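Understanding the architecture of this molecule
For reference, the chains in residue letters:
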Amino acid sequence: MTRLACLTGLLAVAMMSSCNKDGIITADNPPRILLDDASGVYTVKIGRELEITPRYEYADNATFRWTQEGRVIGTEPALLYRAENTGTAFVRIEVTAAGGSASEELRIEAVELEIPIVALPEAGKEHTIAIGSELLLSPVVSRTSIPAHYAWSVDGQEVASEESYTFRSDAAGSFRVCFTASNDDGQTSAELTVRVCEPDELPFAWTFATTEHRMAAGRTIRLSPLDISRTQGVVFTWTEEGTVLQESAEPALCFTSSEQGMHTLVVTASGSSGEEAFSLSQEVSVEVCAPEGTYRRPCTASSSAAATRVFEFLPAPGQFINENYTVATMDEACAWAEGQLSKGSAFISLGAFGGRIVVGFDHSVGCSGGYDLSIGGNSFASSSEPGIVFVMQDENGDGLPNDTWYELKGSEYGKPSTWQEYAVTYYRPAAGSMDIAWRDNRGGSGTVDRLNFHTQDSYYPAWVESDSYTLRGTRLEARNYFDGLEWINPPYDWGYADNFSATDRPDGGSNAEGGVSDNRFRIADAVRFDGRPADLQYIDFVMVQTGVQAQSGTLGEISTEISGFRDCNLQ
């Protein structure tokens, strides 16, 4: 999410400090404050001094002013802070130089002991890998004002002292891996077991995003298990009522039928793990519905151009999640999101990669061949946080988004750098003030970083009851970079929500204030699983998901913002 207020202030200061001398435009840059802890959240033990040492740019001959509750507590570039009682304090640093002024607020948590807290998503589990392969372990450790020391051990033998560790073994066996973070106040440890085996002994595992599918008669959908742990030597057999439809090393089945009704399929994976044979089956149902158009809902004089209902609001963790709203269930989250959309100028943050919102209209939105949908975001020239757009037709006529999703092809569709069926699992933090760990289905891992701009207890959605949850979708390659002055999130050519596209933004202009800026979309760009046109005559539901997994420094995670959905054919 862009810190628009900060950017706007910097632009204003820069404009005021510009001058014209002998026909040459010059400008003094306003000072910049780079906190020594990007989160802006500090912890200190009562009775102990905490030294805060930001870096400054464009701060020659600057004056410094540290305040707490309006009281000046320091006038040097660095601050020595001492807490006598436990609790939370907010401190502001203000810097004034020739180019203007800048300020940052930081939060200090005073505690009795600063024992580092450890969160390791893999802890308490057994992980199986092949001989010679690697397992990256990246714990999240709470920040403390005193140095923390890290130690990794394998079967009691210390092997590393860095915060992250890559486990690898060229011999088979079971290994106990332990991570310990310690300081003068105490220590915290986390353990896991790693089983190393020959490649053909790897246990077989798979998942299914859903086992219930619906499609209009005559269409084709792709059915496939996901996150398959191994394919070597595995045969996948698809059957319907005992008749073999497909038997091969290919796990996916392209299913088509014009026979309306429920079709019950069974997929069986068979092979061997070492000397033991295995056979694992899963039932998958496909309801073949009436032909397209049967349940189309025509527009009437009272039809609303705006989407009227939110069916799901499931963001990824992010700096605006749980901020200024309190919800405990999905129904409450959807009601809150509906209220935001009804305002027309309020934004809903979808958090990091995969965060999504699903909405519906009170009529079917027709495919004109041109622009049929508009989705509001807050992008501007240096800030695009693209959301992937999916559409769905109410194929079974029940009024719910439980049918087949079709992605609207954008400029990055089909490129090697764009990943389909990308999945990220987010883990509940051990403490609210900690970064949130994530791991993807391609061996990657990282964190959604805790920042100082917001004070909610946690970035983890309060209405998600489980200690981890997985979001799946299309991932675009990150383009963000730091230009030496600020973080830049460049636009993608076309086809994404909250994206400063010269092609599909109808209003033009710079949107420098970060207000509502629409992007337009064509239902005709909907594609099937194989990239071929879906040829939808109309749609009933729309889903937007954050399409990038990246952090932009002190601006935080890239997160799609949404302010509304409209049927362009009614505008």
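Residues numbered from 1 in each chain as written. Predicted model: local features only at pLDDT ≥ 70, side-chain atom pairs only at ≥ 80, totals over all residues. Heavy atoms only, no water.

**Looking at the overall build of the chain**
When you go through the chain residue by residue, the secondary structure sums to two helices and 44 strands. Its C-alpha atoms give the chain a radius of gyration of 27 Å, within 12% of the compact-globule value 25 Å for 571 residues. Each principal axis of the C-alpha atoms in the chain carries an extent, and together these give about 80 × 70 × 45 Å. Counting contacts in the chain only where the partners sit at least 6 residues apart, residues at least 24 apart contribute 70% of the total. Total accessible area on the chain is roughly 25300 Å²; 47% of this is exposed by carbon and sulfur atoms. (Helix = DSSP H or I, 4+ residues; strand = E, 2+ residues; numbered from the N terminus. Rg over C-alpha atoms; globule rule 2.2 N^0.38 Å. Contact = heavy atoms within 4.5 Å. Areas by Shrake-Rupley, 256 points an atom, 1.4 Å probe, with all protein chains shown as cover.)

**Quick look at empty space enclosed by the protein**
Throughout the structure, instances matching the rule amount to three cavities of 30 Å³ or more. Roughly 70 Å³ of volume is contained in the largest cavity. Along its surface, the largest cavity is lined by Tyr-371, Leu-408, Lys-409, Trp-494, Gly-495, Thr-503, Asp-504, Arg-520, Phe-521, Arg-522 and Asp-525. (1 Å grid on protein atoms, 1.4 Å probe; cavity = no way out; pocket = protein on both sides within 12 Å on 5 of 7 lines; lining within 4 Å. Points joined across faces, edges and corners; volume = space filled by probe spheres on them.)

**Digging into the packing of aromatic side chains**
Under the criterion given, the structure shown has 20 aromatic pairs. Each residue in the set Phe-204, Trp-206, Phe-208, Phe-236 and Phe-278 is aromatic and connected to the rest through ring pairs, giving one cluster. We note Arg-442 situated over the ring of Trp-419; from NZ or CZ to the ring centre the distance is 4.1 Å. Against the face of Trp-494 rests Arg-522, its NZ or CZ located 5.7 Å from the ring centre. (Phe/Tyr/Trp six-rings, centres within 6.5 Å; stacked < 30°, edge-to-face > 60°. Lys NZ or Arg CZ within 6 Å of the ring centre and 35° of its normal.)

**Observations regarding the pattern of salt bridges**
Within this structure, the stated rule accounts for 26 salt bridges. Here Arg-32 ties to Glu-57 by a salt bridge, and the two come within 3.3 Å at their closest N and O atoms. Placement of Arg-32 in strand S3 (residues 32-34) and of Glu-57 in strand S6 (residues 55-57) is noted, with a sequence separation of 25 residues between them. Given a relative accessible area of 13%, Arg-32 falls into the buried group. Among the ionic pairs, Glu-94 bridges to Arg-65, the shortest N-O distance being 3.6 Å. Residue Glu-94 is found in strand S10 (residues 87-97), and its partner Arg-65 is found in strand S7 (residues 63-68); the two are separated by 29 residues along the sequence. Overall, the relative accessible area of 28% leaves Glu-94 in the partly exposed class. Exposure remark for Arg-65: the relative accessible area of 36% places this residue in the partly exposed category. Several salt bridges share partner residues, and in doing so they unite Lys-45, Arg-48, Glu-114 and Asp-185 into one network. (Salt bridge = Lys/Arg side-chain N within 4 Å of Asp/Glu carboxyl O. Buried < 20%, exposed > 50% of the residue type's maximum accessible area, 1.4 Å probe, protein only.)

**Thoughts on the sheet that holds strand S40 (residues 517-521)**
Judged by pairing direction, the sheet is antiparallel, and its three strands sit side by side in the order S40-S31-S44 without closing on themselves. A single partner strand is all that each edge strand has here, and the edge strands are S40 and strand S44 (564-567). With direction set aside, neighbouring strand axes in the sheet form an average angle of 25°. (Pairing = 2+ DSSP bridges. Axes fitted to C-alpha atoms, helices over the stretch in contact; angles between N-to-C directions.)

**Quick notes on the sheet that holds strand S19 (residues 173-183)**
Reading across from one edge, S13-S20-S19-S16-S17 is the order of the five strands in this open sheet, with mixed pairing throughout. The outermost strands of the open sheet, each flanked by one partner alone, are strand S13 (126-130) and strand S17 (157-160). The mean angle between the axes of side-by-side strands here comes to 35°, regardless of whether they run parallel or antiparallel. Pairing of S19 with strand S20 (residues 186-197), which is carried by 11 bridges, proceeds in the antiparallel orientation. In the strand pairing of S20, Gly-173 is matched with Val-196.

**A closer look at the nonpolar core**
Phe-313, Ile-357, Val-542 and Phe-565 are the most contacted members of the largest nonpolar core, which totals 33 residues. Secondary structure elements with two or more residues in this core: strand S28 (309-314), helix H2 (330-343), strand S30 (356-366), strand S31 (373-377), strand S32 (387-392), strand S33 (405-408) and strand S42 (538-546). Contacts of Ile-357, omitting those with residues within four sequence positions, involve Val-310, Glu-312, Phe-313, Ala-337, Leu-341, Ile-348, Leu-350, Val-542, Met-543, Val-544 and Phe-565. Residues Val-44, Ala-62, Ala-89 and Ile-93 belong to the second largest nonpolar core, which totals 23 residues. (Core = buried A, V, L, I, M, F, W, Y, C linked by side-chain atoms within 4.5 Å.)

**Section: the layout of surface pockets**
Its volume calculated, the largest pocket comes out at about 1500 Å³. Along the walls of the largest pocket sit 41 residues, with Ala-209, Thr-210, His-213, Trp-405 and Arg-472 positioned nearest its centre. It is strand S37 (residues 468-475) that contributes the most residues to the lining of the largest pocket, five residues altogether. In the lining of the largest pocket, the residues fall into 18 nonpolar, 13 polar and 10 charged. Of the pockets and cavities examined, the second largest pocket occupies roughly 1000 Å³. Around the second largest pocket, the lining is made up of 30 residues, and of these His-127, Thr-128, Asp-227, Ser-229 and Arg-439 lie nearest the centre. Listed by contribution, the elements that provide at least two residues to the lining of the second largest pocket are S13, strand S14 (134-137), strand S34 (419-427) and strand S35 (436-440). (Nonpolar A, V, L, I, M, F, W, Y, C, P; charged D, E, K, R; others polar.)

**Overview of unusual backbone geometry**
Phi at Glu-421 is positive, roughly 50°, even though this residue is not glycine. As for its placement among the helices and strands, Glu-421 is situated in strand S34. Residue Glu-421 is classed as partly exposed on the basis of its relative accessible area of 40%. Despite not being glycine, Asp-498 shows a phi value in the positive range, around 55°. Tracing the backbone shows Asp-498 in the loop between strand S39 (487-488) and S40. Residue classification places Asp-498 among the buried positions, given a relative accessible area of 0%.

**Considerations on the confidence of the model for the chain**
Residues at a pLDDT of 70 or more form 94% of the chain, whose mean pLDDT is 91. Here residues 2-27 scores under 50 on pLDDT; set against residues more than four positions off or in separate chains, the count is 32 contacts. (pLDDT = per-residue confidence, 0-100.)

**Some remarks on the environment of Val-389**
Structurally, the position occupied by Val-389 is in strand S32. Considered as a pair, Val-389 and Tyr-406 are 17 residues apart in the sequence and their alpha carbons are 8.7 Å apart. Dropping the residues within four chain positions of it, Val-389 is found in contact with Ile-375, Tyr-406, Glu-407, Leu-408, Ala-497, Phe-521, Val-542, Met-543 and Val-544.

**What to know about the pairing of S30**
A regular strand places its side chains so that they alternate between the two faces of the sheet. With 10 of 11 residues buried, S30 is to be regarded as a mostly interior element. Note: S28 against S30, five bridges, orientation antiparallel. Each bridged residue has a counterpart across the sheet, and for Phe-313 the counterpart in S30 is Ile-357. Judged from the seven bridges that link them, S30 and S42 form a sheet pairing that is antiparallel. What sits directly across from Val-358, in S42, is Met-543.

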